Amino acid sequence: LFLALQSPCCAGFVSPIFSRPPRPLTSSVTERGRTQRSSTADDFSSFGGGGGEDINLMNSLRTRIEAQTNQLPLIFRDTLLPRQVHKMTIKQGLMLDLIRDRFKQESPYFGMMGLRQTGGGMTRGVEVELMGYDWNQFKTGITVRLKARRLLELDDKDGAYETNQGWMQSKVRYIDTSKEEGDMMNLAVAMSQAREFTDPNESMNESKSLVDQWLELARTKETSAGQIDQLLNDLGPMPSWNQPSECAFWVGALINPTPALGLAYDIRQPLLMADSAEDRTQIVLDALWNSIQRMDPRPRFEHYGLRRQ
């Protein structure tokens, strides 16, 4: 069963990971002959006032979850990168059931897995934290605020399975990117590429760094005032170049925000699936150069093509 079915683009989608056909989110969930009604937005009112200010997310909750053999509920819907903040509107169905259960159990975490364009769910995604919720204008649904945290992948042995409540769950492995940096030579290349994000660059205006040049151009393309500044605030400080994978994820989240700005081609899925720091920094570096050139296609960027050959 896919919670991702609320996304219009995913109608009729069935992952090869799961053999059961999808069930409409508006239908009831039957368990051992007893029918359980799926939650609606009205059911959510029992968890306090709008905005979720009364919900205290304590650090000890993460310890409780990890003690349960890293079992996490899963949503197959959006591809997110670590540090990204994402808003998701929910009106009814199993996704609302899951969100409601997470608050009730005081376990504000679940796995967010993307959907491949070629079909099937991704095996890598992120752990997301529920930061709170707001009612929509007519109180017919809620908008949930999510913060993407750690990189994770599904357990290859057991895979995902459907719970009695109707949503998917799996044992997951949290990925420590510092252990996927490759050998010393690959790590050195990755660090060198990561430095290109923030080092002065002669091809840029006033020898700005690539990231600073991208930010300058992106601010001229904002669809609302302060959009880029809010994005930077959501992402927090940029990791150092000597953490090349984390640095690549940060820049990837910058140029591929949610909702999308349309200023760079989407690299989130290949970035999540890359297995080395060198691959990650290369993916992001190419996308960053491409995005800058699309926003300001002046001849000075010919230097990039010569340099990359």
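Refer to the structure presented above.
Residues numbered from 1 in each chain as written. Predicted model: local features only at pLDDT ≥ 70, side-chain atom pairs only at ≥ 80, totals over all residues. Heavy atoms only, no water.

1. A look at the nonpolar core
Taken as a class, soluble globular proteins show a tendency for nonpolar side chains to be buried jointly. For clarity, the threshold we go by: Note on terminology: a nonpolar core comprises buried Ala, Val, Leu, Ile, Met, Phe, Trp, Tyr and Cys residues joined through side-chain atoms within 4.5 Å. Burial classes follow relative accessibility: with a 1.4 Å probe on protein chains only, a residue under 20% of its type's maximum area counts as buried, one over 50% as exposed, and anything between as partly exposed. In this description a helix means any DSSP run of H or I spanning at least four residues, a strand means any run of E spanning at least two, and both kinds are numbered starting from the N terminus. We call two residues in contact whenever any of their non-hydrogen atoms come within 4.5 Å of each other.
Counting residues in each nonpolar core, the largest one holds 37 residues, and the members touching the most others are Phe-197, Val-211, Trp-214, Leu-254 and Leu-288. Listed by contribution, the elements that provide at least two residues to this core are helix H3 (184-198), helix H4 (210-219), helix H5 (227-235), helix H6 (244-255), helix H7 (268-273) and helix H8 (277-295). Among the elements that take part in this core, H6 stands out by supplying eight residues, more than any other. Ignoring sequence-local partners within four residues, the contact set of Trp-214 consists of Ile-228, Leu-254, Ile-255, Leu-261, Leu-263, Leu-288, Ser-291, Ile-292 and Met-295. Counting residues in each nonpolar core, the second largest holds 21 residues, with Met-88, Met-95, Ile-99 and Leu-130 among its members.

2. Let's talk about the pairing of strand S6 (residues 121-135)
Applicable threshold: A pair of strands is considered paired only if DSSP assigns at least 2 bridges between the two.
Of all 15 residues that make up S6, 12 are buried, and the element is covered over most of its length. Sheet topology note: the strand S5 (residues 109-115)/S6 ladder contains six bridges and is antiparallel. Paired with Tyr-109 across the strands is Glu-129, a residue of S6. Between S5 and S6, which follow one another and run antiparallel, lie five residues, and Gly-119 among them has a positive phi close to 105°. By the bridge criterion, 10 bridges tie S6 to strand S7 (residues 142-154) in an arrangement that is antiparallel. Across the sheet, the residue bridging to Gly-125 is Leu-152, located in S7. Where S6 hands over to S7, the hairpin turn is made up of six residues, of which Lys-139 adopts a positive phi near 55°.

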